[in-house]
Amino acid sequence: QVMRSRVSNTDSSSGLVSSPSRPQEVIKLELTDGWYSVPAVLDSILTSFVRRGKIRVGSKLLLSNATLLGAEDGIDPLDSNYSSSRRDCPVALRLVANSTRLANWDAKLGFVPVVGKIR
């Protein structure tokens, strides 16, 4: 399914090593559809977009095929053990540039019907 969400908070933390010789800063975003929020981890291309200001607080993203990390069976957004505002939250969406793009500023948030077929 495809979902539009808004970037509501940007948080960066370091410590994840992408290669043995070079530590890399990891940027986490908090995404919301207006009701629930979930942290998101970005790939290197989306991270560069955040650093260049192309994705910032208030940006609307159109997501497809995001991967849920840390909860193979899914998670209830009202679960008391889960909070997207926690820095150490173990659950996050992994976003990649190939399936993420900016949405129009006036796009409604939430799930979007897929139009057309891929052949």
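Everything that follows concerns the structure shown earlier in this document.
A few points on the structure. As the structure is a prediction and not an experimental result, all values here were calculated from the model.

1. Notes on helix α1 (residues 44–51)
- Taken residue by residue, α1 has L46, T47 and V50 as its buried positions. For α1, the angular spread of the buried residues around the axis is 105°, confining them to a single face.
- Downstream of α1 by a residue or two, G53 has a phi angle that is positive, lying close to 85°.

2. Thoughts on a nonpolar patch on the surface
- Taken together, the side chains of W35, Y36 and L78 define a hydrophobic patch exposed on the protein surface, amounting to about 460 Å² of accessible area.
- Here Y36 is to be found in the loop between β4 (26–32) and β5 (37–42).

3. What about the side chain of K60?
- Structurally, the position occupied by K60 is in strand β6 (residues 60–64).
- In terms of polar contacts, K60 uses its side chain to reach the backbone carbonyl oxygen of A107, at 2.7 Å.

4. What to know about the nonpolar core
- Core analysis: the biggest nonpolar cluster contains 13 residues, and L29, L31, L42 and L95 have the highest contact counts within it.
- Of all the secondary structure elements, the ones that give two or more residues to this core are β4, β5, α1, β6 and β8 (92–95).
- Residues in contact with L95, not counting those within four places in the same chain, are L31, A40, V41, L42, D43, L46, L63, A66 and T100.

5. Quick look at unusual backbone geometry
- Even without glycine at this site, N65 takes up a positive phi of about 55°.
- In this structure, N65 sits in the loop between β6 and β7 (67–69).
- With relative accessibility at 62%, the residue N65 sits in the exposed group.

6. Observations concerning the pairing of β6
- Of all five residues making up β6, four are buried, and the element is well covered by its neighbours.
- As defined by bridge partners, β6 adjoins strand β9 (residues 100–102) across three bridges and the pair is classed as antiparallel. The residue bridging L63 from the neighbouring strand is T100, located in β9.

Criteria and cut-off values
- Residues numbered from 1 in each chain as written.
- Predicted model: local features only at pLDDT ≥ 70, side-chain atom pairs only at ≥ 80, totals over all residues.
- Heavy atoms only, no water.
- Buried < 20%, exposed > 50% of the residue type's maximum accessible area, 1.4 Å probe, protein only.
- Helix = DSSP H or I, 4+ residues; strand = E, 2+ residues; numbered from the N terminus.
- Arc of directions from axis to C-beta.
- Patch = residues over 30% accessible without salt bridge, like charges linked within 9 Å, V, L, I, M, F, W, Y side chains within 5 Å.
- Areas by Shrake-Rupley, 256 points an atom, 1.4 Å probe, with all protein chains shown as cover.
- Salt bridge = Lys/Arg side-chain N within 4 Å of Asp/Glu carboxyl O.
- Polar contact = N/O pair within 3.5 Å; in protein donor to acceptor, adjacent residues only side chain to side chain.
- Core = buried A, V, L, I, M, F, W, Y, C linked by side-chain atoms within 4.5 Å.
- Contact = heavy atoms within 4.5 Å.
- Pairing = 2+ DSSP bridges.

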